[in-house]
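This is what each chain is made of:
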Amino acid sequence: MAILETRNLNKRFGGLQVTSDVNLALEPGELHCLIGPNGAGKSTLFRLILGEYAPSSGQVIYDGHDITALQSHDRIRRGISVKFQVPGIFKALSVRQNLEIALQHHLEGHSLRGAIKSQLEFLNLSADAAQLAGNLSHGQKQWLEIGMAVALKPKLLLLDEPTAGMSPDETRATGDLVRALNAEGMTVLAVEHDMAFVRQVASRVTVLHFGRIFAQGDIDSIVADERVAEIYLGQGHGPHHG
Ligand code: ADP
Ligand code: MG
């Protein structure tokens, strides 16, 4: 049974159809990448899955339940977590304090301190624990935000362009991080432009174009698909072969 399934999902903004009959199913434990040109509707699909937008029609099924009518906070409580493109870290607080805020919802005292320590190690941020989050490098900020997004051990993690603006080394480290989370059992859906990242992490790839599923398959079949290459023409960027 799929952990996440969208059924004939549609979203219109006025006369603009941004999501069109999207039927996407993720198997539990899958690491799936979502690609597509700018404006294809990737972030909108995330907002529909999280419940920040209500669909014009169609359903979102999660863990066997129809969650289409649930508020975002109820979806988060059931184990869906999202890291959006804009970092949501507290820049004026230390790295440690940021993790403390995220982890203190379900831990306290000794176990909270232990969880912060192991999360700092997992994110490669132990040496920067006392730094203000605002002083971290771009890549480190993204890792901290991923750390906060997974603090409540979600079953389904959605990542919107986690490697945007990163160097190739940072991108590879992010791929390692995402793979480690997936190895713990977390199902991951990542929007990504960087084809090196997609190749590093994804078992399956879905291409979105004008709000529709345009192609789906493993990375080799997607990269070899001339129709997929054509939809990126004239975009000036992506998919990058980093
Ligand atoms: P992507 O993430 O693939 O770049 P988006 O989902 O951000 O694409 O946007 C898809 C389309 O939907 C764009 O044309 C965008 O302008 C439009 N759109 C997104 N959110 C809204 C909104 N709240 N109101 C109106 N149009 C929107
Ligand atoms: Mg987007």
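See the structure above.
Criteria and thresholds
Residues numbered from 1 in each chain as written. Chains lettered and ligands numbered in written order. Predicted model: local features only at pLDDT ≥ 70, side-chain atom pairs only at ≥ 80, totals over all residues. Heavy atoms only, no water. Core = buried A, V, L, I, M, F, W, Y, C linked by side-chain atoms within 4.5 Å. Buried < 20%, exposed > 50% of the residue type's maximum accessible area, 1.4 Å probe, protein only. Helix = DSSP H or I, 4+ residues; strand = E, 2+ residues; numbered from the N terminus. Contact = heavy atoms within 4.5 Å. Pairing = 2+ DSSP bridges. Axes fitted to C-alpha atoms, helices over the stretch in contact; angles between N-to-C directions. Near = heavy atom within 4 Å. Polar contact = N/O pair within 3.5 Å; in protein donor to acceptor, adjacent residues only side chain to side chain. Areas by Shrake-Rupley, 256 points an atom, 1.4 Å probe, with all protein chains shown as cover. Nonpolar A, V, L, I, M, F, W, Y, C, P; charged D, E, K, R; others polar.

**Thoughts on the nonpolar core**
Okay, step 1: Judged by nonpolar contacts, the single largest core of 46 residues is most densely connected at Ile35, Leu144, Leu157 and Val198.
Okay, step 2: For this core, the leading source of residues is helix 5 (residues 138-149), giving five residues.
Okay, step 3: In contact with leucine 144, not counting residues within four places along its chain, are Ile89, Val95, Asn98, Leu99, Leu123, Leu125, Ala133 and Leu136.
Okay, step 4: Counting residues in hydrophobic clusters, the runner-up holds 24 residues, among them Val22, Leu34, Leu45 and Val60.

**Thoughts on the sheet that holds strand 4 (residues 57-62)**
Okay, step 1: Taken in spatial order, the four strands line up as 2-1-4-5 in an open sheet, and their pairing is antiparallel. Of all strands in the sheet, those with a lone pairing partner are strand 2 (16-26) and strand 5 (65-66), marking the two edges.
Okay, step 2: Relative to strand 2, strand 1 (residues 4-13) is paired through seven bridges, and the arrangement is antiparallel. Counterpart to threonine 6 in the pairing with strand 2 is leucine 24.
Okay, step 3: Here helix 1 (residues 42-50) sits on the sheet in contact with strand 1, strand 2 and strand 4, set at roughly 115° to strand 1.

**Some thoughts on the site of ligand 1**
Okay, step 1: Close to ligand 1 lie Phe13, Leu16, Val18, Pro37, Asn38, Gly39, Ala40, Gly41, Lys42, Ser43, Thr44 and Tyr53, which account for all nearby residues.
Okay, step 2: Contact between ligand 1 and serine 43: an oxygen atom at 2.9 Å from a main-chain N or O atom of the residue.
Okay, step 3: Contacts to ligand 1 include threonine 44, whose side-chain N or O atom sits 2.6 Å from an oxygen atom.
Okay, step 4: Considering ligand 1 on its own, with 560 Å² of exposed area, one finds that the protein chains cover 61% of that surface.
Okay, step 5: A total of three residues in the shell around ligand 1 trace back to one element, the largest contributor, which is helix 1.
Okay, step 6: Partitioning the shell around ligand 1 into residue classes produces six nonpolar, five polar and one charged.

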